[in-house]
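# Structural description and commentary
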Amino acid sequence: MALEITDANFEETVLKSDKPVVVDFWAAWCGPCRMVGPIIDEISTEYDGKAVVGKVDVDANQDFASKYGVRNIPTVLVFQNGEVVGRQVGVAPKKAYTDAIDQLL
């Protein structure tokens, strides 16, 4: 399962990570988010130890969603060394997310 990332642990978990980080910004009421969620969980298992994979519930944690201009969900951001290096808005195939990670490994 993907990590639960909150405004309180975002900086430590995402920005200070020495590994690539994939963050899924989602909400429980969002239909397309429910399609992306299982993909993110699969990636979390497959990349365990190689990348950090987590989810931010935008209803409960709005600070970083706002900071990174997340206006539509699902939005998946890829971070490397604390910087956004990839962005996918809407539902995409699993390969779109894994390719983004593989480029950083």
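A quick note: this is a predicted structure, and the numbers were derived from the prediction, not measured.

### Some remarks on the nonpolar core
Phe 10, Val 14, Val 23, Phe 25 and Phe 79 are the most contacted members of the largest nonpolar core, which totals 18 residues. Contributing elements (two or more residues each) for this core: α1 (10–15), β2 (21–26), β3 (52–57), α3 (63–67) and β4 (75–80). Those residues within four positions of Val 14 in sequence are excluded, and the remaining contacts are Ile 5, Asn 9, Val 21, Val 23 and Phe 79.

### So, the pattern of salt bridges
Side chains bearing opposite charge may pair, as long as their charged atoms lie close to each other. Inspection of every chain in the model, using the stated rule, returns five salt bridges. Where Asp 41 meets Lys 55, a salt bridge forms, and the shortest distance between an N and an O atom there is 3.3 Å. Of this pair, Asp 41 sits in helix α2 (residues 31–46) while Lys 55 sits in strand β3, placing them 14 residues apart in sequence. Like Asp 41, the residue Lys 55 is buried in the burial classification. Each of the salt bridges in this network shares a partner with another, and the network as a whole consists of Glu 42, Glu 46 and Lys 94.

### Topic: the side chain of Thr 75
Relative to the elements of secondary structure, Thr 75 occurs in strand β4. Those residues in contact with Thr 75, other than ones at most four positions away along the chain, are Val 23, Asp 24, Phe 25, Val 70, Arg 87, Gln 88 and Val 89.

### Focus on the UniProt feature "active site" (unreviewed entry) in the protein chain
The sites that UniProt annotates as "active site" (unreviewed entry) are Cys 30 and Cys 33. A residue is classified by how much of its surface remains accessible, and Cys 30, at 4% relative accessible area, is buried. Each residue touching Cys 30, except ones within four places of it in the same chain, is listed here: Ile 73 and Pro 74. Here Cys 33 is to be found in helix α2. Using a relative accessible area of 3% as the deciding quantity, one classes Cys 33 as buried. Among residues more than four places away in sequence, those in contact with Cys 33 are Trp 26, Ala 27, Ile 73 and Pro 74.

### Topic: the packing of aromatic side chains
For the coordinates displayed, the defined rule picks out five aromatic pairs. Ring geometry for Phe 10 and Phe 79: centres 5.8 Å apart, planes at 80 degrees, overall edge-to-face. Linking Phe 10 in helix α1 with Phe 79 in strand β4, this pair joins segments that are 69 residues apart in sequence. One exposure class covers both Phe 10 and Phe 79, and it is buried.

### Quick look at the pairing of β2
In terms of burial, β2 is largely enclosed, as five of its six residues are buried. Across six bridges, β2 lies against β3 in parallel orientation. By the bridge assignment, Val 22 is partnered in β3 with Val 53. For the segment spanning β2, α2 and β3, crossover handedness is right-handed. In this sheet, β4 lies alongside β2 in antiparallel orientation, the contact comprising five bridges. For Val 21, the partnering residue across the bridge sits in β4 and is Phe 79.

Reading the values: rules and limits
Residues numbered from 1 in each chain as written. Predicted model: local features only at pLDDT ≥ 70, side-chain atom pairs only at ≥ 80, totals over all residues. Heavy atoms only, no water. Core = buried A, V, L, I, M, F, W, Y, C linked by side-chain atoms within 4.5 Å. Buried < 20%, exposed > 50% of the residue type's maximum accessible area, 1.4 Å probe, protein only. Helix = DSSP H or I, 4+ residues; strand = E, 2+ residues; numbered from the N terminus. Contact = heavy atoms within 4.5 Å. Salt bridge = Lys/Arg side-chain N within 4 Å of Asp/Glu carboxyl O. UniProt positions renumbered as here; feature names shortened; annotations may be inferred. Phe/Tyr/Trp six-rings, centres within 6.5 Å; stacked < 30°, edge-to-face > 60°. Pairing = 2+ DSSP bridges. Right-handed = clockwise from strand over helix to strand, strands pointing away.

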